[in-house]
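Observations on the three-dimensional arrangement
So you can see what is in the structure, the chains are spelled out below.
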Amino acid sequence: MNAYVLRRQFQQAVALQHWDEAEQTLAAIRQGYYLSDENCLFLKIQLLSSQGRWHALWDSSGYPLVAGLDPLPAAVRGALLTSFYNCAVVEKEEQWDIPATLDVFRRCSGKLGTLLRYRAGLTGDLFVRLFAYQATVENQAPRLTQLAEAAVEQVTRDVISTLLTLVDAPAPPLAQVDPVEMALKHFQEKNYDEAFLAALDCPLSVKRTQLLLYTATMTEDVSICQAAKEAFEGLSPDQQDEILSDPSTKASAKFVVGFDKPAPEQEAVQIPTHWADWFKAIHLGGNTDLLLSELDSFTAQNKMVDWKNSTLQETEKVLWEILLDEGLTVEQRNLLRASLADYAGAVVQDPSFPKLGAGDLYEQIMLAMQTFCNKNNNSAGFLARLLEGLFQIDIDHVQKQWGSMSDWLAFMPSMKLAGDVLELLELFQEYGLPGDKLRDTWSNWVGSLCQQFTIENRLQVQGWTRLGHAIGGDPFLVGRLKEILAEPVASDPLERIPASVITIFTLREKAAQRAAKTIMTRNCNLKVKICTDDRLSEQSKALASHSDIVIVVTACISHALTFGIGPFLSKDPLYPRGSGETGIVQALEEYAVGI
């Protein structure tokens, strides 16, 4: 076991919402001193923010410590500021109490450290408003004007219009200053937003390109990275070599452009900077050892997916070419196995997932994973997430996807994967696949595992039984499952939960309805409500505020709603491992055991 393997295990567990596994892996990383204390804090922040546990993050002892670090990864800055917004700002903003909101910024300035020094690397109106409030506290009218241009939502523009009335009019412009010197001054003062804007006004040169490369590296901002890359490509070959041979700019050039400085007798090696080029490099077959060594850092820099149509088509094309190539080496296949899991993690965690127009890409990823990846819990989890996204885009995909999925499921059944396979079969059944197509796979798994099922697996046995009834499964096997369920149980954990109102936030209404019926049957003191809103609404706010227990099915709910209901929850929600009935009820059982 090494740091690379543990980090990948952690990232995949987070992508699949396997929170317990992520916690255990993080504990192993800490105990083995595989990463620095600082990087362990970053991973903890990622875990809490992925769960939407904003209060736990805001109230943690590590918050002011990390907020004082500089520079910080953009994702970490974003998570810290989002927790600040949800825990300290949103209530005042909802009431349109601007003076009270500004007071929050004054009181929290010490705890926020350097987080509000620059906005580059952070996208979205939430961050625009945060920086607008801070600009008002600092009486920065010009910065407010710039932020108004970046606002997309009307509420943000309204906030900034109000804030502009609270600051002094901008001072008259100063005498003309050399933009290169101005950009350098801003950079040295770590005002990266202003450094970038000043650098844009500079004529093309090595110094301007270096400034842009430095700024891009510090902020990880997509637009700044693109500007830096274009500036580098606009230089002459000699000027490019000057930057690549300079130790102070080598790392920045590698991060932004992808060049690794060669030894004198070698030619330059170009490390890919986005996923389409990464898969192309694997397919070319050269430097697989180098690519494998760079996979961890490449994945960390490419957590966000480029959704431009040209990039999608390019990625689809190269994946298809890889699938058709029968001459791939063992090294290529091993690298593909690792890369596809990381890419699937980036795709399903993207805020726009599932994205209209990306259906063909999802299909290619699934086919590639079925071809190259091991048959394990993580692969099954990613396939379930991708399938669910695909079915939400177009239900016609259900029939087309079953052929390859049934082939993938035709392996020796094991108890370790039984829950994941049940989740996959329930997904296809719920989205309309005829029962006769599911019967063979159901019979294979139930027939093989029937002797291993016990009443201790009651929840899963109930799921297999219900599915068998729904698809007209073998009566003998259904009867055997019923015999197991007829065995006495020591106690029902759900009976330990006192009278409570439970709300399930999900987009799979049928699965949630089945789960609600099961829960209320097992404990008549529980009242279960279901919310299928895909955006924050007055109803979702009310349900979040007035529920004793909230279950958030993040596998199929929009990121906008997942983050949006956070400020209205009285305590942390429950997160099922899957979006089916079994996953929802299991999450509540695990909660009940801990009471």
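Structure's up top.
As a starting point, this report considers the structure included with it. If you're wondering where the values come from, they're calculated on a predicted model, not measured in any experiment.

**Some thoughts on the overall build of the chain**
Within the chain one finds 31 helices and five strands. Relative to a compact globule of 595 residues, whose C-alpha radius of gyration would be 25 Å, the chain shows 26 Å and is just as compact. Counting only C-alpha atoms, the chain reaches 90 × 65 × 45 Å along its principal axes. With 595 residues in all, the chain has 52% of them scored as buried. Counting only contacts in the chain whose residues sit at least 6 apart along the sequence, the fraction spanning at least 24 positions is 71%. On the chain, roughly 26600 Å² of surface is accessible, and the fraction owed to carbon and sulfur atoms is 51%. Across the chain, the centroid of the 52 positively charged side chains sits 5 Å from that of the 75 negatively charged ones.

**Brief notes about the pattern of salt bridges**
All told, the structure shown has 27 salt bridges when counted by the stated rule. Put simply, E93 and R129 hold a salt bridge, and the shortest N to O gap is 3.0 Å. Taken together, the residues span a long stretch of sequence, with E93 in helix α6 (residues 74–94) and R129 in helix α8 (residues 125–137) at a distance of 36 residues. Of the two residues, E93 and R129, both sit in the buried class. Ionic contacts of the salt-bridge type, sharing partners, join the residues E423, E426, E430, R466, R508, R514 and E581 into one network.

**Regarding empty space enclosed by the protein**
What the rule picks out here adds up to one cavity of 30 Å³ or more. In this structure, the largest cavity encloses a volume near 70 Å³. Every residue lining the largest cavity is listed: R7, R8, Q11, D296, T299, A300, K303 and D342. In terms of residue class, the lining of the largest cavity is built from one nonpolar, two polar and five charged.

**So, α8**
With 13 residues, α8 should reach 18 Å at 1.5 Å per residue; the first-to-last C-alpha distance of 18 Å fits that figure. Burial analysis of α8 places 11 of its 13 residues in the buried class, the great majority of the element. Of the positions making up α8, those classed as buried are D125, F127, V128, R129, L130, F131, A132, Y133, Q134, A135 and T136. Looking at the packing, one finds that the buried side of α8 touches α6, α7 (98–112), α9 (141–150) and α10 (154–164). Two residues or fewer past α8, N139 is found with a positive phi of approximately 60°.

**Brief notes about unusual backbone geometry**
That bond from D70 to P71 is cis: its omega, 5°, falls within 30 degrees of zero. Tracing the chain through its elements places P71 in the loop between α5 (62–67) and α6. Note that the residue after F353, namely P354, is joined by a cis bond; omega there is -5°. Considering the arrangement of structural elements, one finds P354 in the loop between α20 (330–349) and α21 (359–372). Residues other than glycine seldom take positive phi values, yet W96 does so here, at roughly 55°. Structurally, the position occupied by W96 is in the loop between α6 and α7. Owing to a relative accessible area of 39%, W96 belongs among the partly exposed residues under this scheme.

**Some remarks on the sheet that holds strand β3 (residues 500–505)**
For sheets, the rule is that strands pair by backbone hydrogen bonds, running either parallel or antiparallel. Spatially, the three strands line up as an open sheet ordered β4-β3-β5, and their pairing is parallel. If you trace the sheet from one side to the other, it starts and ends with β4 (526–531) and β5 (549–552), each paired once. Pairwise comparison of adjacent strand axes, ignoring direction, gives a mean angle of 20° for this sheet. The sheet contact formed by β3 and β5 spans four bridges and is parallel. Looking at β5, one finds that T503 is bridged to V550. Sheet contacts for helix α28 (residues 509–522): β3 and β4; angle to β4, the most-contacted strand, approximately 175°.

**Section: the packing of aromatic side chains**
Applying the stated criterion across every chain yields a total of 19 aromatic pairs. Ring centres 5.5 Å apart and planes at 70° place the aromatic pair F279 and Y343 in the edge-to-face group. Of the two residues, F279 sits in helix α17 (residues 275–284) while Y343 sits in helix α20, which places them 64 residues apart along the sequence. Just as F279 is buried, Y343 falls in that class too. Counting every residue linked through ring pairs, the aromatic cluster contains W58, Y63, F84, F105 and Y133.

**Some words on the nonpolar core**
Residues F279, L386 and W464 are the most contacted members of the largest nonpolar core, which totals 77 residues. The biggest single contributor to this core is α20, with 10 residues. The contacts of L386, once residues within four sequence positions are left out, are A344, V347, V348, F353, Y362, I365, M366 and M369. In this structure, L81, V89, F127 and A151 belong to the second largest nonpolar core, which totals 43 residues.

**Some points on the environment of A183**
Looking at where A183 falls in the secondary structure, it is placed in helix α11 (residues 179–188). Linking A183 and L204, residues 21 residues apart in sequence, is a C-alpha distance of 13 Å. Not counting residues up to four positions away in its chain, the partners in contact with A183 are A195, A198, A199 and L211.

**Remarks on the pairing of β3**
In terms of residue burial, β3 counts as a mostly covered element, since five of its six residues are buried. In this sheet, β4 lies alongside β3 in parallel orientation, the contact comprising six bridges. The residue of β4 that forms the bridge with I502 is V528. Handedness of the β3-α28-β4 crossover: right-handed.

Calculation rules
- Residues numbered from 1 in each chain as written.
- Predicted model: local features only at pLDDT ≥ 70, side-chain atom pairs only at ≥ 80, totals over all residues.
- Heavy atoms only, no water.
- Helix = DSSP H or I, 4+ residues; strand = E, 2+ residues; numbered from the N terminus.
- Rg over C-alpha atoms; globule rule 2.2 N^0.38 Å.
- Buried < 20%, exposed > 50% of the residue type's maximum accessible area, 1.4 Å probe, protein only.
- Contact = heavy atoms within 4.5 Å.
- Areas by Shrake-Rupley, 256 points an atom, 1.4 Å probe, with all protein chains shown as cover.
- Lys, Arg positive; Asp, Glu negative; His and termini not counted.
- Charge placed at Lys NZ, Arg CZ, Asp CG, Glu CD.
- Salt bridge = Lys/Arg side-chain N within 4 Å of Asp/Glu carboxyl O.
- 1 Å grid on protein atoms, 1.4 Å probe; cavity = no way out; pocket = protein on both sides within 12 Å on 5 of 7 lines; lining within 4 Å.
- Points joined across faces, edges and corners; volume = space filled by probe spheres on them.
- Nonpolar A, V, L, I, M, F, W, Y, C, P; charged D, E, K, R; others polar.
- Expected span 1.5 Å × (residues − 1).
- Pairing = 2+ DSSP bridges.
- Axes fitted to C-alpha atoms, helices over the stretch in contact; angles between N-to-C directions.
- Phe/Tyr/Trp six-rings, centres within 6.5 Å; stacked < 30°, edge-to-face > 60°.
- Core = buried A, V, L, I, M, F, W, Y, C linked by side-chain atoms within 4.5 Å.
- Right-handed = clockwise from strand over helix to strand, strands pointing away.

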